[in-house]
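# Coordinate analysis (summary)
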Amino acid sequence: MPKHYRPPGKKKEGNAARYITRSQAVKQLQVNLPTFRRLCILKGVFPREPKKKVKGNHHTYYHLKDIAFLQHDPLLEKFREIRAYERKIKKAEAKKNKDLAHRLLTRKPNYTLDRLIRERYPKFVDALRDLDDCLTMVHLFAALPALEREKIEVKRVHDCRRLSHEWQAYISRTHKLRKVFVSVKGIYYQAEVEGQKITWLTPHALQQVLSEDIDFPVMLTFLEFYETLLAFVNFKLYNSINVKYPPLLDPKLEALAADLYALSRYVQMSSRAPTVESDAVGPSGSEQPEVKQNGKETKESDLRLAQLQHQLPYNEPGALMHLVEEAVDEDEEDEDTKECKKIFANMKFFLSREVPRESLLFVIPAFGGIVSWEGEGAPFDESDQSITHQIVDRPTQGHIFLSREYVQPQWIFDCVNARIKLPTNGYLVGRVPPPHLSPFVDNEAEGYVPDYAETIKRLQAAARNELLPMPGVGKEDLEDPQHLVAEGIIDRTEANEAAQKKRKMLTLEKQYHDELKMELVGAQYSGAAAHQEKETVAEDAEARDQLSAPDVKQVVEDIDTLSKVVMSRKKRRLYEAMKMGKERKKAGVDLLKERKTKIEAGEKSGKK
């Protein structure tokens, strides 16, 4: 009998024993497909790609241990109980027994996801690493309209909006925001919390049109898990700065849709004088029990008492920006945080009604500025003489104050990305602003540096009192000792020593390149030949003429071909893919340069 012979009906081995298809998993768990999808999303179980697909390529495979992990979870039994209970409700409605159906609806079983959060994220850092998709999803549903046909409830939209504002209030108060980029898709933000870089996308404040080809039940299942996760994270972050969670907001500001401003005032009040206590303090925001009417009245009375005691001032100027400076010790802040706090320090902004208010209310305080807006509940009016900048996005203004500057919203985002206060000349009202460059792109690695990026680089160097070469001058000229003497950086003695070292290094570098050239043509290079080249300049020029550029190029191609011959097939394909990637990047850079040349030619012709 062969060694690997397996009689029919015996135990399976290999991939057949480790992986099962989705239909087999549904049959094993005894649930329907939507429940299986929901369970996999909540538990974090995803399909696998086995090396050998036993049942064929058209199946979705899951690991057998993952299915066993789902089979023993208490949530599976809870879903079965809920499904059986929904059948009772449906049966009562079919028999037109309204009283029984109403009683069943009020006693419907529910569940919480707190256990799953602690199970999937044992440490807080693990939750922060997985927060990108969570924040993007929550901010997306916070901007969507409530639709009954897609099961998007009003309460869920309000919960998403509340959680997103709580997250933004913490980032703004602790000055953890690092990058902002406005694109067609929305506004990208990047914050750094406890050493973890978190990037998320928020949609523009426009009317959202829902497409019919979106699977909303799957997205709502993800949102259900993400709401609980973000509530846990907010709870942890708020307690780290000694602020009670969930926050207690001013009802007047909530009615005016100034939630972020109200949250910031709450953080300020709680950190300076934490006397207002909230009754239900729990990590899960979406799964908390309902508060009785007496509790609501107590909270409102506490809020009014705090306002009377001047612990929660109603219209204090700049309350949004003074986000508890005393809560965090200056020594605990890193260099980036200290730098970000000073960008808009001692500056007051006023937002006109046509600019994106929520985004600017989040960004400006995160970098040390004081901000107000046009409307009720604002900290200060437009007529305040201490306003330094007014953010507008329309060509004409009704009344112009000479004591302030009128700039476009892009100036705020460009200053944030550059970490300096840029000149406002290019961002004045009515002018076409400079290009909005992405802070997520490394221009040096891409091989193309835009002109405005060079300008920002020089402004940053000037702000740090650094010396940069002028356009068309290399770093070698900047490091020349004569230039350093002229700038007053070093004296004459140090300049002479540096010049001798530089001449010695140039001699050694020239000798090294000459040796490489002689090796390429197959000749031996000796010290006598080097001495002879140093004596006669004519012979050196003749040697350079003999070694022409096309010959060197041909030698390099031959060496490249020989190296490819000895490569394995896998390494050769990888090498060719790398070369294709470099050629593609070079083609993109050439295209950008060509477009730049055409634009410059068009501008010159227009001036003529």
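Calculation rules
Sequence positions are assigned chain by chain, starting from 1 and proceeding in written order. With pLDDT at 70 or above as the cut-off, local features in this predicted model cover only qualifying residues; side-chain atom pairs require 80 or more to be listed or tallied, and sums for whole chains, interfaces and linings still use all residues. Side-chain measures were taken over the full set of non-hydrogen atoms in the model, leaving aside hydrogen atoms and water. UniProt positions are given in the numbering used here, feature names are shortened, and annotations may be inferred rather than shown by experiment. Helix and strand definitions follow DSSP, with helices as H or I runs of at least four residues and strands as E runs of at least two, each counted in order from the N terminus. Helix span is expected to be 1.5 Å times the residue number reduced by one. Burial here depends on accessible area, computed with a 1.4 Å probe over protein chains only, as a share of the maximum for the residue type. Under 20% is buried, over 50% is exposed, and the range in between is partly exposed. For two strands to be treated as a pair, DSSP must find no fewer than two bridges joining them. Think of a patch as exposed residues, more than 30% relative accessible area, with no salt bridge, where like charges cluster within 9 Å and nonpolar side chains (Val, Leu, Ile, Met, Phe, Trp, Tyr) cluster within 5 Å. Only the protein chains shown count as cover for residues, and all accessible areas are computed by the Shrake-Rupley method using a 1.4 Å probe. Salt bridge, as applied in this entry: a Lys or Arg side-chain nitrogen positioned within 4 Å of an Asp or Glu carboxyl oxygen. His is not counted here, nor are the chain ends, while Lys and Arg score as positive and Asp and Glu score as negative. Note on charges: their place is set at NZ of Lys, CZ of Arg, CG of Asp or CD of Glu. Note on geometry: axes are C-alpha line fits, over the in-contact stretch for helices, and angles between N-to-C directions span 0 to 180 degrees. For this classification, under 35 degrees means roughly parallel, over 145 means roughly antiparallel, 65 to 115 means roughly perpendicular, and everything else is oblique. Contact criterion: two residues are considered in contact whenever any of their non-hydrogen atoms come within 4.5 Å of each other. Amino acids outside the nonpolar list (Ala, Val, Leu, Ile, Met, Phe, Trp, Tyr, Cys, Pro) and the charged list (Asp, Glu, Lys, Arg) are all regarded as polar, and Gly is one of them. Note on convention: the crossing is left-handed when the near helix lies turned anticlockwise from the far helix by less than a right angle, right-handed when the turn is clockwise. Classification of ring pairs rests on two measures: the distance between centres of Phe, Tyr or Trp rings, Trp counted by its six-membered ring, which must be within 6.5 Å, and the angle between planes, read as stacked under 30 degrees, edge-to-face over 60 and tilted in between. Comment: the charge-over-ring label is applied if NZ (Lys) or CZ (Arg) is within 6 Å of the ring centre and within 35 degrees of the ring normal.

Per an unreviewed UniProt entry, the protein chain goes by the name Pescadillo homolog and belongs to Punica granatum. Annotation of the protein chain in UniProt includes, under Function (unreviewed entry), the sentence "Required for maturation of ribosomal RNAs and formation of the large ribosomal subunit."

Further remarks concern the environment of Ile-370. In this structure, Ile-370 sits in strand S7 (residues 370–373). With 23 residues separating them along the chain, Ile-370 and Met-347 place their C-alpha atoms 6.3 Å apart.

Before going further, it helps to examine the UniProt feature "coiled-coil region" (unreviewed entry) in the protein chain. Annotation from UniProt places "coiled-coil region" (unreviewed entry) at residues 75–102. Annotated as residues 75–102, this span is 89% helix and 0% strand, and its ends, taken at the C-alpha atoms, are 25 Å apart.

Another point: helix H10 (residues 154–174). Every α-helical turn comprises 3.6 residues, leaving residues that sit three or four positions apart pointing alike. Taking 1.5 Å per residue as the helical rise, H10 with its 21 residues ought to reach 30 Å, and the 31 Å between its terminal C-alpha atoms agrees with that figure. For H10, the buried fraction is high: 15 of the 21 residues fall into the buried class. With its phi angle positive at about 60°, His-175 sits one or two positions after the end of H10.

Burial analysis of strand S4 (residues 187–193) places 5 of its 7 residues in the buried class, the great majority of the element. From the end of strand S3 (residues 177–182) to the start of S4, which pair antiparallel, there are 4 residues. Here S4 runs beside strand S5 (residues 196–202); their pairing, made up of 7 bridges, is antiparallel. Across the sheet, Tyr-189 pairs through a bridge with Trp-200, a residue of S5. Taking the residues between adjacent antiparallel strands as the criterion, S4 and S5 are bridged by 2 residues, where Glu-194 takes a positive phi near 55°.

What follows is about a negative patch on the surface. Where like charges cluster on the molecular surface, the negative patch consists of Asp-442, Glu-444, Glu-446 and Glu-454. Secondary-structure assignment places Glu-454 in helix H19 (residues 451–463). Here Glu-454 falls in the partly exposed class, since its relative accessible area comes to 31%.

This next bit is on the sheet that holds S5. Within the open sheet, the 3 strands sit side by side as S3-S4-S5. Their pairing is antiparallel. Lying at the two open borders of the sheet, with one neighbouring strand each, are S3 and S5. Averaged over all pairs of adjacent strands, the angle between strand axes in this sheet comes to 15°, irrespective of strand direction.

The next point concerns the pattern of salt bridges. If the charged atoms of two oppositely charged side chains come close together, the side chains can form a pair. Applying the stated rule across the entire model yields 25 salt bridges. Arg-162 is the salt-bridge partner of Glu-166, the closest N and O atoms lying 3.2 Å from each other. One end of the pair, Glu-166, and the other, Arg-162, are both in helix H10, 4 residues apart, so they sit about a helical turn from each other. The class of Glu-166 is buried, set by a relative accessible area of 1%. As a salt-bridge pair, Arg-353 and Glu-374 come within 3.6 Å of each other at their nearest N and O atoms. Pair noted here: Arg-353 is in the loop between strand S6 (348–351) and helix H16 (357–366) and Glu-374 is in the loop between S7 and strand S8 (389–391), with a separation of 21 residues, a long-range link.

Before going further, it helps to examine the packing of H10 against H16. The relative placement of two packed helices is expressed as an angle between their axes plus a distance between the axes. Running from N to C, H10 and H16 cross one another at 25°; their axes reach a closest spacing of 8 Å. Taken as axis vectors, H10 and H16 run roughly parallel relative to one another. Every residue of H16 that contacts H10 at Arg-161, His-165, Gln-168, Ile-171 and Ser-172 is listed here: Glu-358, Phe-362, Pro-365 and Ala-366. Partitioned by chemical class, the residues of the contact of H10 with H16 number 4 nonpolar, 3 polar and 2 charged.

Glancing now at the packing of helix H3 (residues 33–43) against helix H5 (residues 74–94). In contact at an axis separation of 11 Å, H3 and H5 are set at 145° when each is read in the N-to-C sense. Read as a crossing pair, H3 and H5 show a hand that is right-handed. Residues Thr-35, Arg-38, Leu-39 and Leu-42 of H3 lie in contact with H5, whose contacting residues are Leu-75, Leu-76 and Phe-79. The residue inventory of the contact of H3 with H5, partitioned by class, reads 5 nonpolar, 1 polar and 1 charged.

The next thing to look at is the packing of aromatic side chains. Counted by the stated rule, this structure contains 15 aromatic pairs. With a centroid separation of 6.5 Å and an interplanar angle of 65°, the aromatic rings of Tyr-188 and Phe-440 are classed as edge-to-face. Residue Tyr-188 is found in strand S4, and its partner Phe-440 is found in the loop between helix H17 (410–418) and helix H18 (443–446); the two are separated by 252 residues along the sequence. Given the relative accessible area of 23%, Tyr-188 is considered partly exposed. Here the aromatic rings of Phe-344 and Phe-349 are separated by 5.2 Å at their centres, their planes lie at 70°, and the arrangement is edge-to-face. Phe-349 carries the same exposure label as Phe-344, and that label is buried. An aromatic cluster of three or more residues is present, and its members are Tyr-121, Phe-222, Phe-225 and Tyr-226. In this structure, Lys-348 packs its charged tip against the face of Phe-380, placed 4.2 Å from the ring centre. Arg-404 extends its terminal NZ or CZ atom over the ring of Phe-401, reaching a point 4.0 Å from the ring centre.

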